[in-house]
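# Secondary and tertiary structure notes
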Amino acid sequence: MGSTSAENTGTGDHTPTGVGRRDLIKRSAALGLISVPTMGFLSACASGGGGEESGENEGRTSDSNPFGVKEGSKLDVVIFKGGYGDNYAKAWEAAFQKKWGVTSVHTGTQEITGKLQPRFNAGNPPDIVDDSGAQQIPIDVLAKNGQLLDLAEVLDAPSVDNPDQKVRDTLIPGTLDAGMQEGKVVALNYIYTVWGLWYSGKLFKDKGWEAPRTWGDFLAICKDAKSQGIGGLAHQGKYPYYINVAIMDLIAKKGGLDAMKAIDNLDPRAFVGSDAATEAIEAVYEVVEKGYLMPGTNGLTHNESQTRWNQYKAAFITSGSWLENEQLKTTPQDFDMKFLPMPLLPGSALPFEAIRAGSGEPFIIPSKAKNLPAAKEFMRMMLSKEWSTLFAKEANSLTILKDGVDPNVQLRPGTQSTVEASKAAGNNTFRYLYTEWYSEMNTAIENASNELMAKRIQPKEWLKRAQAAVDKQAKDPASKQNRRD
Amino acid sequence: MRKGQHRFVAGFLLIPVALYLIFVIWPYIQTFGYSLTDWKGQSQTFDFVGLDNYTALFRDDIFRGAIWHNILFLVFIPVITILLALFFAFMVNAGGRGRSGGVSGVAGSKYYRVIYFFPQVLSLAIMAVLFGAVYRSDGGGMLNGALIKLGLVDESSPVEWLNEPGFVLWALIAVVVWHGVGFYLVLFSAAMQSIPRDIYEAALIDGAGRAQSFFRITLPLLWDSVQTAWVYLGIAAMDMFILVSTMTAGDYGGGPDHHSEVMSTVMMRNFLLYGRSGYACAMGVVMLLLTLIVSVVMLRATRRERIEF
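No experiment lies behind these values; they were computed from the predicted model shown.

Here we take up the overall build of chain B. Looking only at helices and strands, chain B has 13 helices and 0 strands in total. For chain B, the sequential pattern of α-helices and β-strands runs α-α-α-α-α-α-α-α-α-α-α-α-α. The C-alpha atoms of chain B give a radius of gyration of 24 Å, which is well past the 19 Å a tight globule of 309 residues would have. Counting across all 309 residues of chain B, residues that qualify as buried make up 49%. By sequence separation, contacts in chain B at least 24 residues apart represent 63% of the contacts at least 6 residues apart. One way to put it: in chain B the 21 positive side-chain charges average out to a point 14 Å from where the 20 negative ones average out.

Have a look at this one:
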């Protein structure tokens, strides 16, 4: 820092060196201070070394114990404690201990990345993880690092309820897709979810509206709502994930499964040059242009906009089936929450009943887990009727197990309407995978949607930006390994 | 030094230096090492890629935009905060007229001091929530609510403060300034109170007005404190992670469409969300360099001759 005694001229009776040193200390303290905030981030990058552990937790295998769970061993369970809480997992763990004599170390947390990333890096991960929430570790990143166990072994094991059947065959078809990375199932998305629009049965009855089946009807209701001082469509603007549900569902329903796969497979004409995408985005933009959005919805968080919707400030909102559980506290008693498949554009390839449906809440087993046998057995038991019902009771939601809920469990109106919707949909379900495969491309499309909803860009520009995100992703050599037919 | 004294001094120095080396210097070196690899952050397998991450960084529009935003913060946050704090501190301490020879604060200054200091006791996380309510994008927001009541804003199209590319940076600056002014007011007050009163009285007798006594007496005698404030605020401006990541849209903030991005938010997103940790480490190294340069420049630029009194 050059000479430190430069300012000593004329300082009376101090010795020059004395003042110089004092200044030097002061300055190095300031420099040190500056490095503090940077430090925090930098040391986040640093990590410890790896460690290997041999399988001491293996017991003898048998028909009833296909993975060789060892009594008296320990199971390290980490559960995302979000909208579903973690009571269901505690109930599971109690049942597990009773049956296998394996005690579990339970961690319920929202900070999945913060708590687990250092452990993955050090080669010391937990045995089973519910990797969800805003701070989930992206599955694609974990898979690319070889940190995830191929779950084929669990899925091909005999089912707990019916040993003649493989676990795989007891699940709702297509629900394993979301956990696929490079052709292998590495995450078990346990919760069955449907996505689409939601409305209040009470509000619709009061206003004399009918649930719309076409985009025209949908716009008509929005128009009527606006004239009565209510917003048409609300969305969780701070998180453009939600409006992308509407946009992407319209594309899939208009253009059929091919239009959806074009996006997942990074087709050079996924957006620009796709009629389905063009019509869908123009339809969504019409809502913006005509002022049918709930005022201010573009800047609201999910809690804020959903609560406004619960206060009858908007007719529709986009979301997945966790909505009801998430809004339990703010939903009025007589609100009568209802699910609605995305209304149809003229000439759509899929019927009105078609819905985006699939599985969420990925459970993973790290490949370096210490107690692999118990982790696999735990996952096998998750896919039993007993545990599935336990989940439905504690978390108020469905699992991917076919008929996995005891008929005596009474469901809330919203959940009930999703059950009916998925029955009506039958095999007409679809599910995008690019959100799981390509986090960067997903962010780019979300940003473009946010700009569109705020009227700062036009549909043409949106298509260009979305296509640019696809093209950029397609250049990444790693993206060749993800394909769907 | 006498024999034994060396050992005594060394004993005191050894442990702190060792701790500093292990917990501060070593992570820096590790980070630099990682920045030369394609590390993905979830395991210890990676390849050496040389300076690829750094060349990619130069072509990264988002990161360059983030640097630009940090620079804007660096200019506006210290300037606005220090000017306001100086003004208030002067009014509270020496701005009053009439009583005790003109060297007292304006009426009620005791209370102002407490009120101004109040924001400082709030943590940044609480501030983010508080201002989230102020800037809320519908009629329920404090600003929008007031503007709608006054008839300045149409109820059906409220201002989306944090979702407007033109407003979002200023909205964030306002929060930091609101938070900081009170603290620097107290800091400057303490310094002002150590200025001998007779200097002011002499100036007053010579017919100096408020402005003159401020610029000719207060400011020069306060320069050391201003310099300290400048460095501290510069640090805050180079960081901004908590506010941006919690208040603005997007994963780790930075929205709308990267208009409020700062270096640390881009870095966190690449590090944790995209799994491009080696690349993020390169960003970390660049951040370190930039902050060091900024601090050296700031200390140099504000260096003045010291006045003793």
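If you walk through the whole model with that rule in mind, you get 20 salt bridges over all chains. The shortest N-O distance in the salt bridge between K376(A) and E153(A) comes to 3.0 Å. Here E153(A) lies in helix α5 (residues 152-155) and K376(A) lies in helix α12 (residues 372-382), a separation of 223 residues in the sequence. A residue is classified by how much of its surface remains accessible, and E153(A), at 43% relative accessible area, is partly exposed. We note a salt bridge from D249(A) to R356(A), for which the minimum N-O separation is 2.8 Å. Note that D249(A) is positioned in helix α8 (residues 241-264) and R356(A) in strand β10 (residues 355-364), a separation of 107 residues in sequence. According to the relative accessible area criterion, D249(A) is buried, its value standing at 1%. A cluster of three or more residues bridged by salt bridges with shared partners is formed by R308(A), R136(B) and D138(B).

Residues and elements named next belong to chain A. In the structure shown here, the tally under the stated rule is 42 aromatic pairs over all chains. Look at W92 and F378: their rings are 6.1 Å apart centre to centre, the planes differ by 75°, and that puts the pair in the edge-to-face class. Of this pair, W92 sits in helix α2 (residues 87-100) while F378 sits in helix α12, placing them 286 residues apart in sequence. For the residue pair W92 and F378, the accessibility class agrees, reading buried in each case. Between F218 and F316, the aromatic rings sit 4.8 Å apart at their centres with planes inclined by 45°, giving tilted as the arrangement. Separated by 98 residues along the polypeptide, F218 in helix α7 (residues 215-227) and F316 in strand β8 (residues 314-320) bring together distant segments of the chain. Each member of the aromatic cluster is reached from another via a ring pair, and the members are Y84, Y88, W92, F96, Y190, F363, F378, W387 and F391.

Below, the discussion takes up empty space enclosed by the protein. A complete count under the given rule lists 7 cavities of 30 Å³ or more for this structure. Around the largest cavity, the lining is made up of 16 residues, and of these T443(A), N447(A), A249(B), G250(B) and D251(B) lie nearest the centre. A per-element tally of the lining of the largest cavity places helix α16 (residues 439-453) of chain A first, with 4 residues. For the lining of the largest cavity, the class distribution of residues is 3 nonpolar, 8 polar and 5 charged.

The subject of this paragraph is the nonpolar core. Residues and elements named next belong to chain B. With 79 residues, the main nonpolar core has F73, L86, Y135, F188, M240 and M247 as its most contacted residues. Take this core: its biggest share by element is 14 residues, from helix α7 (residues 168-193). The residues touching M240, leaving out its near neighbours within four places in the chain, are F73, I77, L172, V176 and V262.

As a further point, take the layout of surface pockets. Approximately 1,400 Å³ is the volume attributed to the second largest pocket. In terms of lining residues, the second largest pocket is bounded by 48 residues, among which E440(A), K472(A), Q473(A), Y274(B) and R276(B) are the most central. Sorting the residues of the lining of the second largest pocket by element identifies α4 (139-144), α16 and α17 (459-475) of chain A together with α2 (52-58), α3 (61-94), α12 (263-273) and α13 (277-301) of chain B as the ones contributing at least two each. Class assignment for the residues of the lining of the second largest pocket results in 18 nonpolar, 13 polar and 17 charged. Both domain 1 (74-193 + 359-424) and domain 2 (194-357 + 430-481) of chain A contribute no fewer than three residues apiece to the lining of the second largest pocket.

The next thing to look at is helix α14 (residues 413-425) of chain A. Residue and element names in this part refer to chain A. Between the first and last C-alpha of α14 there are 18 Å, a value that for 13 residues agrees with the 18 Å anticipated at 1.5 Å per step. Taken together, the buried positions of α14 are occupied by G414, T415, S417, T418, V419, A421, S422 and A425. Where α14 is buried, its residues meet β6 (188-200), α11 (323-326), β9 (337-340), β10 and β11 (429-430). Once α14 finishes, G426 follows within two positions and takes phi at roughly 60°, a positive value.

Our focus in this paragraph is the packing of helix α10 (residues 223-239) of chain B against α13(B). Angle between the axes and distance between the axes are the two parameters that describe a pair of packed helices. All names here are of chain B. The contact between α10 and α13 brings their axes to 10 Å, and the two run at 160°. In terms of orientation, α10 and α13 fall into the roughly antiparallel class. Pair α10 / α13 crosses with right-handed handedness. Residue-level inspection shows Q227, W230, V231, G234 and M238 of α10 in contact with α13, the latter providing L290, T291, V294, M298 and L299. Among the residues forming the contact of α10 with α13, the class breakdown is 7 nonpolar, 3 polar and no charged.

What follows concerns the confidence of the model for chain B. The predicted model of chain B averages 87 in pLDDT, with 94% of residues at 70 or higher. In the predicted assembly, ipTM is 0.84 and pTM is 0.81.

Residues and elements named next belong to chain B. The sites that UniProt annotates as "transmembrane region" (unreviewed entry) are residues 7-29, 67-93, 114-135, 167-187, 229-250 and 277-299. The straight-line gap between the two end C-alpha atoms of residues 67-93 is 38 Å; of that span, 100% is helix and 0% is strand. Across residues 229-250, the secondary structure splits into 82% helix and 0% strand, with the terminal C-alpha atoms separated by 32 Å.

Here the focus is the environment of D47(B). Residue and element names in this part refer to chain B. Looking at the secondary structure, you find D47 in the loop between α1 (5-34) and α2. Separated by 109 residues in sequence, D47 and S156 place their C-alpha atoms 54 Å apart. Sequence-distant contacts of D47, that is, excluding residues within four places in its chain, are made with L36, T37 and D38.

Take a nonpolar patch on the surface next. All names here are of chain B. A contiguous nonpolar patch, built from F8, V9, F12, L13, L14, I15, V17, L19, L21, I22 and F23 and spanning about 1,200 Å² of accessible area, is present on the exposed surface. Relative to the elements of secondary structure, L19 occurs in helix α1. On the basis of relative accessible area, L19 is assigned to the partly exposed category, the value being 44%.

So, about the side chain of D86(A). Residues and elements named next belong to chain A. Within the secondary structure, D86 sits in the loop between β1 (74-80) and α2. Of the buried charged residues, D86 lacks a salt bridge, with K90 as the closest side chain of opposite charge at 4.0 Å. One polar contact links D86 to H106, side chain to side chain, over a distance of 2.9 Å.

Scoring rules and cut-offs
As a convention, each chain's residues are numbered from 1 in the sequence order in which they are written. Following the order in which they are written, the chains are lettered starting with A and the ligands numbered starting with 1. Selection of residues for local features in this predicted model requires a pLDDT of at least 70, selection of side-chain atom pairs for listing and counting requires 80 or more, and totals for whole chains, interfaces and linings are taken over all residues. Only hydrogens and water are set aside; all other atoms, that is, all heavy atoms of the structure, feed into the side-chain values. Secondary structure follows DSSP: runs of H or I at least 4 residues long count as helices, runs of E at least 2 residues long count as strands, and numbering of each begins at the N terminus. As defined in this context, the radius of gyration uses C-alpha atoms, and a globule is described by 2.2 Å times the residue total to the power 0.38. Type-normalised accessible area, obtained with a 1.4 Å probe on protein chains alone, sets the label of each residue: buried when under 20%, exposed when over 50%, and partly exposed for intermediate values. Any two residues having at least one pair of non-hydrogen atoms within 4.5 Å are treated as being in contact. Neither His nor the chain ends contribute to the count of charged residues, in which Lys and Arg are positive and Asp and Glu negative. Lysine's charge is taken at NZ, arginine's at CZ, aspartate's at CG and glutamate's at CD. Take a side-chain nitrogen of Lys or Arg and a carboxyl oxygen of Asp or Glu: if they are within 4 Å of each other, that pair is a salt bridge. Between the rings of Phe, Tyr and Trp (Trp by its six-membered ring), a pair exists once the centres lie within 6.5 Å; its type follows the angle of the planes, with under 30 degrees stacked, over 60 edge-to-face, and the other angles tilted. Cavities and pockets are found on a 1 Å grid laid over the protein atoms alone: a cavity is a set of points where a 1.4 Å probe fits but cannot escape, a pocket is an open set with protein on both sides within 12 Å along at least five of seven lines, and a lining residue has an atom within 4 Å of such a point. Grid points are joined across faces, edges and corners, and a volume is the space filled by probe spheres set on the points. Note on residue classes: Ala, Val, Leu, Ile, Met, Phe, Trp, Tyr, Cys and Pro are nonpolar, Asp, Glu, Lys and Arg are charged, and everything else, Gly too, is polar. What makes a nonpolar core is a set of buried Ala, Val, Leu, Ile, Met, Phe, Trp, Tyr and Cys residues whose side-chain atoms join them at distances within 4.5 Å. An automatic or database domain assignment provides the domain bounds reported here. Expected helix span is taken as 1.5 Å per residue step, with the number of steps being one fewer than the number of residues. Axis angles are defined between N-to-C directions and span 0 to 180 degrees, where every axis is a line fitted to C-alpha atoms and, for a helix, only to the segment in contact. When an angle is under 35 degrees it counts as roughly parallel; over 145 it counts as roughly antiparallel; between 65 and 115 it counts as roughly perpendicular; any other value is oblique. Rotating anticlockwise by less than a right angle from the far helix to the near helix defines a left-handed crossing, while the corresponding clockwise rotation defines a right-handed one. pLDDT measures the predictor's confidence residue by residue and takes values from 0 up to 100. UniProt positions are given in the numbering used here, feature names are shortened, and annotations may be inferred rather than shown by experiment. Grouping into patches uses exposed residues only, defined as over 30% relative accessible area, and leaves out salt-bridged ones; the cut-off is 9 Å for like charges and 5 Å for nonpolar side chains (Val, Leu, Ile, Met, Phe, Trp, Tyr). Calculation of accessible area relied on Shrake-Rupley with a 1.4 Å probe; when residues are assessed, cover is drawn exclusively from the protein chains displayed. Polar contact is defined as a pair of N or O atoms within 3.5 Å, subject to the rule that within protein one atom must be able to donate a hydrogen and the other to accept it, and that residues adjacent in sequence are counted only when both atoms are side-chain atoms.

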